[in-house]
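# Structural features, examined
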Amino acid sequence: MHAMILGAGYSGKAIATNLQAHVSQISGTTRTADKADQLAKNGIKPFIFNGEELSDALRDTFSSVTHLIQSIGPNDAGDPLLCLIGNTPMQSLMPKLEWVSYLSTVGVYGDHGGEWVDEDTACRPVSVRSVQRVAAEDAWMAQAKTSGLPLSILRLSGIYGPGRNAFRNLENGTARRLVKKDQVFNRIRVEDIGAACALLFARKADGIFNVTDSEPCPPQDVVTYAAQLMGLEPPPEQDFETAELSAMARSFYGENKRVSNRRIHQMGFEFRYPDYRMSLLQMWDDKVWQGSADG
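## Here we look at the overall build of the protein chain
- Counting its secondary structure elements, the protein chain contains 11 helices and 13 strands.
- Radius of gyration (C-alpha) of the protein chain: 19 Å, near the 19 Å computed for a compact globule of 295 residues.
- Projecting the C-alpha coordinates of the protein chain onto the three principal axes gives extents of approximately 55 × 40 × 35 Å.
- Residues classed as buried in the protein chain amount to 52% of the 295 residues present.
- In the protein chain, once contacts between residues fewer than 6 apart in sequence are set aside, the share between residues at least 24 apart is 78%.

## Comments concerning the nonpolar core
- Counting residues in hydrophobic clusters, the biggest one holds 29 residues, and the most contacted among them are Ile15, Leu19, Ile69, Val211 and Ile264.
- Looking at this core, the elements that each hand over two or more residues are strand S1 (2–6), helix H1 (10–19), strand S5 (99–105), strand S7 (151–156), helix H7 (190–203) and strand S11 (207–211).
- Ranked by residue count, the leading element in this core is H7, at 7 residues.
- Counting 26 residues, the second largest nonpolar core, distinct from the first, contains Leu81, Ile85, Ala136 and Ala144.

## Focus: the pairing of S7
- Burial of S7 is extensive: 6 of the 6 residues sit out of reach of the surface.
- Burial along S7 is two-sided: Leu151, Ile153 and Arg155 and Ser152, Leu154 and Leu156, pointing in opposite directions, are all buried.
- Both S5 and S7 contribute to a ladder of 6 bridges, which runs parallel. Across the sheet, tyrosine 102 pairs through a bridge with isoleucine 153, a residue of S7.

## Concerning the packing of helix H8 (residues 219–230) against helix H11 (residues 276–285)
- Their axes nearest at 10 Å, the elements H8 and H11 cross at an angle of 30 degrees. Overall, the two elements H8 and H11 adopt an arrangement that is roughly parallel. The two elements H8 and H11 meet at a crossing, and its hand is right-handed. Contacts between H8 and H11 involve Asp221, Val222, Tyr225, Ala226, Leu229 and Met230 from the former and Tyr276, Arg277, Leu280, Leu281 and Trp284 from the latter.
- Here the residues of the contact of H8 with H11 are counted per class, giving 9 nonpolar, no polar and 2 charged.

## Things to note about the environment of arginine 177
- One can find arginine 177 in strand S9 (residues 177–179).
- Residues arginine 177 and aspartate 221, 44 residues apart in the sequence, show an inter-C-alpha distance of 8.0 Å.
- Those residues in contact with arginine 177 that lie beyond four places of it in its chain are Gln220, Val223, Thr224, Pro234, Pro235, Pro236, Glu237 and Gln238.
- At 2.6 Å, the side chain of arginine 177 and the backbone oxygen of proline 235 are in polar contact.

## Some details on the side chain of serine 260
- Structurally, serine 260 can be placed in the loop between strand S13 (258–259) and helix H10 (262–266).
- A polar contact is formed between the side chain of serine 260 and the backbone nitrogen of arginine 262, at a distance of 3.1 Å.
- The contacts of serine 260, once residues within four sequence positions are left out, are Trp116, Val117, Asp118, Glu119, Asn210 and Thr212.

## Thoughts on the packing of aromatic side chains
- Counting across every chain of the model gives 9 aromatic pairs.
- When the centroid spacing of 5.8 Å and the interplanar angle of 85 degrees are considered together, the rings of tryptophan 99 and phenylalanine 201 count as edge-to-face. Of this pair, tryptophan 99 sits in strand S5 while phenylalanine 201 sits in helix H7, placing them 102 residues apart in sequence. Across this residue pair, the class does not change: tryptophan 99 and phenylalanine 201 are buried.
- Consider the rings of tyrosine 225 and tyrosine 276, whose centres lie 6.1 Å apart with planes at 85 degrees: the pair is edge-to-face. Taken together, the residues span a long stretch of sequence, with tyrosine 225 in helix H8 and tyrosine 276 in helix H11 at a distance of 51 residues. Each member of the pair, tyrosine 225 as well as tyrosine 276, is classed as buried.
- Within the aromatic cluster, the residues linked to one another by ring pairs are Phe167, Trp284 and Trp289.

Parameters at a glance
Residues numbered from 1 in each chain as written. Predicted model: local features only at pLDDT ≥ 70, side-chain atom pairs only at ≥ 80, totals over all residues. Heavy atoms only, no water. Helix = DSSP H or I, 4+ residues; strand = E, 2+ residues; numbered from the N terminus. Rg over C-alpha atoms; globule rule 2.2 N^0.38 Å. Buried < 20%, exposed > 50% of the residue type's maximum accessible area, 1.4 Å probe, protein only. Contact = heavy atoms within 4.5 Å. Core = buried A, V, L, I, M, F, W, Y, C linked by side-chain atoms within 4.5 Å. Pairing = 2+ DSSP bridges. Axes fitted to C-alpha atoms, helices over the stretch in contact; angles between N-to-C directions. Parallel < 35°, antiparallel > 145°, perpendicular 65-115°, else oblique. Left-handed = near helix turned anticlockwise from the far one by under 90°. Nonpolar A, V, L, I, M, F, W, Y, C, P; charged D, E, K, R; others polar. Polar contact = N/O pair within 3.5 Å; in protein donor to acceptor, adjacent residues only side chain to side chain. Phe/Tyr/Trp six-rings, centres within 6.5 Å; stacked < 30°, edge-to-face > 60°.

Encoded structure:
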């Protein structure tokens, strides 16, 4: 079996680690040559893909791909791969394809005033990027139907892990404790993304799955706990309404919801890091929070 990860970045590398025992070859795309070298070091055969055209080398390797994981975000034109093939069945590009996974975001649900949502909740995205994600999900579902392929859509919450976490933000001075009344977020350890994708891969699962932790909480609580573990004074609390924020940072706080992971639990998946406290404690105790040189 041959797995292809389009956009093999932070999450893609974790997925590759979890798929190595299941496939004979893992390929992945990136935009630049220096990142291609990093993929090779992670056991991923690298290919350059700029999202606009497919090289002959990439087309050639597509001919043996059996499992596709699409991690590249959409743009105004839509999903970059689907834009290139249009309504043509995926088998025209990947004749041996058996299963597709699309990495999306819980942002597609939009704002629900802090209430619980699950995979059956209607999408009502707020931000432009989440609107684009909904359109990309719809396009992939249409493509899967056209191609007769099972499709797993993984809706991911805020991704963190070794190299990307509150410890690193405290270390480099970018951590903030923004306080907005009743605001909560879910998050997900990158290793749990890899393990969840591997389970769905093994099942050739079809459907939508929230891949998120079990404890949505105020974001300032995570910073406070990380500072406590580091023996540091946490940064002062800042009122969200008066804080200086970029438009993108402020837009994240325009969506407030608690995301259920019940469906993937029912598939038999057990989160290794179901809440931020045990996760941060593990990273601190095992001294892995700084991550590798390439993040």
